Amino acid sequence: MPLSTPLSTYATPFARLALANITREYPNFPAHLIGSADERIEPRTLHPAFYGAYDWHSSAHMHWLLVRLLNRYGGTPALPGTEAVVDVLDRHLTPGNLAVEAAYLRDHPSFERPYGWAWLLALAAECRARGTREGARWTEALAPAVAVVDRLLADWLPRATYPVRHGNHPNSAFALGLALDSGELSAGTEQAVRERLLAWFADDHDAPAHWEPSGQDFLSPALSEADAVRRVLPAARFAPWLDRFLPALRTGAPCALLDVPVVSDHADPQIGHLLGLALSRAAALRSLADALPAGPVRDRLSTAADAHLAAGLPAVERGDFTTDHWLATFATLALDGH
């Protein structure tokens, strides 16, 4: 399935998946530290907006998916019945619900750091891009939570001496790249993000690509880093940086990052992460290819992106909650970009 396949082909089934998941309260995996015996931890009590889709970050990015689909295809044959989508978003993205979410983030400053933070910013950006009355309502409701995330990022970055480089949710490069793409950060926090990415990664070279993937990755540490650096280096400096970071791309030597991961058990929640890895790699490989001049490296990246997307897309709608609650988001990134 080539990358030229339009997202519109999948708009209706992806929206159906997202709606089913963000309104499904159980099963639920609350990342909540219980502080007392009488503390209430029902998902809707803790998170009245983002109670569904198994965990908070998945709920946030499945909300993002719905708004992205509305923005791309709402009112067209690719996405009929948009009233149901708007109705659910109107019920979830209210000032009252988001005030509770903002307070929770403020009171639990390491909660969902940085992955969930980045998806909240991405959701706010997509709501702002909506350009309609409901988009304005959702944007206004999200504003307090966005402000909290901005402050949390500004406080955390000076203390983040080292990046988290593994291929799961705490990965620093993926989240900060997504945060930059959102355009929702204050000027000071955006500058701090750029400076931290450069401090962490500008001098990196000879990435151990042969170590990838780990057994439950859904992000590629090396490709996530390269895609983050793409965002903060001038174009003229990025290609030389990538040559130093992944020299096998230039020399034509084998590179494990270009090989589609083997997924031995799609139903295993951790091994199944590798399905998401295929899709997140597809998105990163395409972004990296687009940032390079025409030539063999760009061609290798584009070919690998196509192969990863073809492997990952069939897994999005399997009827298995372990993957249904999140894979469509990464398929959308691969098909439609950040």
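One structure accompanies this document, and this report is about it. (Residues numbered from 1 in each chain as written. Predicted model: local features only at pLDDT ≥ 70, side-chain atom pairs only at ≥ 80, totals over all residues. Heavy atoms only, no water.)

Some points on the overall build of the protein chain
Keep this limit in mind: The helix and strand labels rest on DSSP assignments: H or I over at least four residues marks a helix, E over at least two residues marks a strand, and numbering proceeds from the N terminus. As defined in this context, the radius of gyration uses C-alpha atoms, and a globule is described by 2.2 Å times the residue total to the power 0.38. Here's how the labels work: a residue is buried when its accessible area is under 20% of the maximum for its type, exposed when over 50%, partly exposed in between, all with a 1.4 Å probe on protein chains only. His is not counted, nor are the chain ends; Lys and Arg add positive charge and Asp and Glu add negative charge. Every charge is mapped onto a representative atom, which is NZ of Lys, CZ of Arg, CG of Asp or CD of Glu.
Counting secondary structure elements, the protein chain contains 16 helices and zero strands. A compact globule built from 338 residues should have a C-alpha radius of gyration of about 20 Å, and the protein chain, at 19 Å, falls within 12% of that. In terms of its C-alpha atoms, the protein chain occupies a principal-axis envelope of roughly 60 × 45 × 40 Å. Looking at the protein chain as a whole, 56% of its 338 residues qualify as buried. Of note, the protein chain has its 28 positive side-chain charges centred 4 Å away from the centre of its 38 negative side-chain charges.

Let's talk about the packing of helix H10 (residues 221-232) against helix H13 (residues 273-290)
Convention followed: Fitted lines through C-alpha atoms serve as axes, helices being fitted only where they are in contact, and the angles separating the N-to-C directions of these axes extend from 0 to 180 degrees. For classification, angles of less than 35 degrees are called roughly parallel, those exceeding 145 degrees roughly antiparallel, those between 65 and 115 degrees roughly perpendicular, and all remaining angles oblique. Definitions for this section: a left-handed crossing has its near helix turned counterclockwise from the far helix by less than a right angle. A right-handed crossing has that turn clockwise. We call two residues in contact whenever any of their non-hydrogen atoms come within 4.5 Å of each other. Under this grouping Gly is polar, as are all residues other than the nonpolar Ala, Val, Leu, Ile, Met, Phe, Trp, Tyr, Cys and Pro and the charged Asp, Glu, Lys and Arg.
Closest axis-to-axis distance for the H10/H13 pair is 10 Å, and the angle between their directions is 40°. With respect to their mutual orientation, H10 and H13 come out oblique. Taken as a pair, H10 and H13 cross one another with a handedness that is left-handed. Counting all contacts with H10, which are made through Leu223, Ala226, Asp227 and Arg230, the residues of H13 involved are Arg281, Ala284, Leu285, Ser287 and Leu288. Class assignment for the residues of the contact of H10 with H13 results in five nonpolar, one polar and three charged.

A short note on the environment of Leu7
Looking at where Leu7 falls in the secondary structure, it is placed in the segment before helix H1 (11-22). Overall, Leu7 belongs to the buried group, its relative accessible area being 2%. Between the C-alpha atoms of Leu7 and Asp336, which are 329 residues apart in sequence, the distance is 6.4 Å. Each residue touching Leu7, except ones within four places of it in the same chain, is listed here: Phe14, Leu69, Tyr73, Thr332, Leu335 and Asp336.

Side note on the packing of aromatic side chains
Note the following rule: Think of it this way: a Phe, Tyr or Trp ring, Trp meaning its six-membered ring, pairs with another when their centres are within 6.5 Å, and the plane angle makes it stacked under 30 degrees, edge-to-face over 60, tilted otherwise.
Enumeration over the complete set of coordinates arrives at 19 aromatic pairs. A centroid spacing of 5.4 Å and a plane angle of 20° characterise the contact between Tyr10 and Phe14, whose relative ring orientation is stacked. The exposure classification of Tyr10 matches that of Phe14, with both residues buried. Consider the rings of Phe50 and Trp56, whose centres lie 5.3 Å apart with planes at 80°: the pair is edge-to-face. The same class applies to Phe50 and to Trp56, which are both buried.

Topic: the packing of H1 against helix H3 (residues 56-73)
Packing of H1 against H3 leaves a shortest axis separation of 9 Å and a crossing angle of 145°. Seen along the crossing, H1 lies across H3 with a hand that is left-handed. On the side of H1, the interface is formed by Ala11, Phe14, Ala15, Leu17, Ala18, Leu19, Asn21 and Ile22, while H3 contributes Ser59, Met62, His63, Leu65, Leu66, Leu69 and Tyr73. By residue class, the composition of the contact of H1 with H3 is twelve nonpolar, three polar and no charged.

Looking at the pattern of salt bridges
Any two side chains of opposite charge can pair, given that their charged atoms come close. Put simply, the test is: Each reported salt bridge corresponds to a side-chain nitrogen of Lys or Arg within 4 Å of a carboxyl oxygen of Asp or Glu.
The full count for this structure, using the stated rule, is 20 salt bridges. A salt bridge links Glu126 to Arg68; the shortest N-O distance between them is 3.1 Å. Remark: Arg68 occurs in helix H3 and Glu126 occurs in helix H6 (residues 115-130); sequence separation between them is 58 residues. Of the two residues examined, Glu126 and Arg68, each falls in the buried class. In this structure, Arg298 and Asp290 form a salt bridge, with 3.9 Å as the shortest nitrogen-oxygen distance. With relative accessibility at 52%, the residue Asp290 sits in the exposed group. Here the residues in one salt-bridge network are Arg68, Arg72, Glu126 and Asp336, joined through shared partners.

Here's the deal with the side chain of Arg130
One can find Arg130 in helix H6. Not counting residues within four places of it along the chain, the set of residues in contact with Arg130 comprises Leu70, Asn71, Gly135 and Trp138.

Side note on H3
Stated formally: By this rule, a helix spans an expected 1.5 Å times one less than how many residues it contains.
Here H3 is 18 residues long and its end C-alpha atoms lie 26 Å apart, about the 26 Å a rise of 1.5 Å per residue gives. H3 sits mainly inside the fold: 16 of its 18 residues count as buried. Residue Gly75 follows H3 closely and has a positive phi angle near 80°.

Focus: helix H4 (residues 82-92)
Put simply, the rule reads: Starting at the helix axis, one direction is taken to each C-beta atom, and the arc is that of these directions.
Those residues of H4 that sit buried are Thr82, Val85, Val86, Val88, Leu89 and His92. End-on view of H4: buried residues confined to an arc of 165°, all on one side of the axis. In this structure, the buried residues of H4 make contact with H1, H3, helix H5 (95-107) and helix H7 (133-156).

Overview of the side chain of Glu101
For clarity, the threshold we go by: Each polar contact in these results corresponds to two N or O atoms within 3.5 Å; when the atoms are within protein, one needs to be able to donate a hydrogen and the other to accept it, and residues that are neighboring in sequence are counted only if both atoms are side-chain atoms.
Relative to the assigned elements, Glu101 resides in helix H5. For Glu101, the side chain forms a polar contact with the side chain of Trp56, separated by 2.9 Å. Among residues more than four places away in sequence, those in contact with Glu101 are Leu46, His47, Pro48, Ala49, Phe50 and Trp56.

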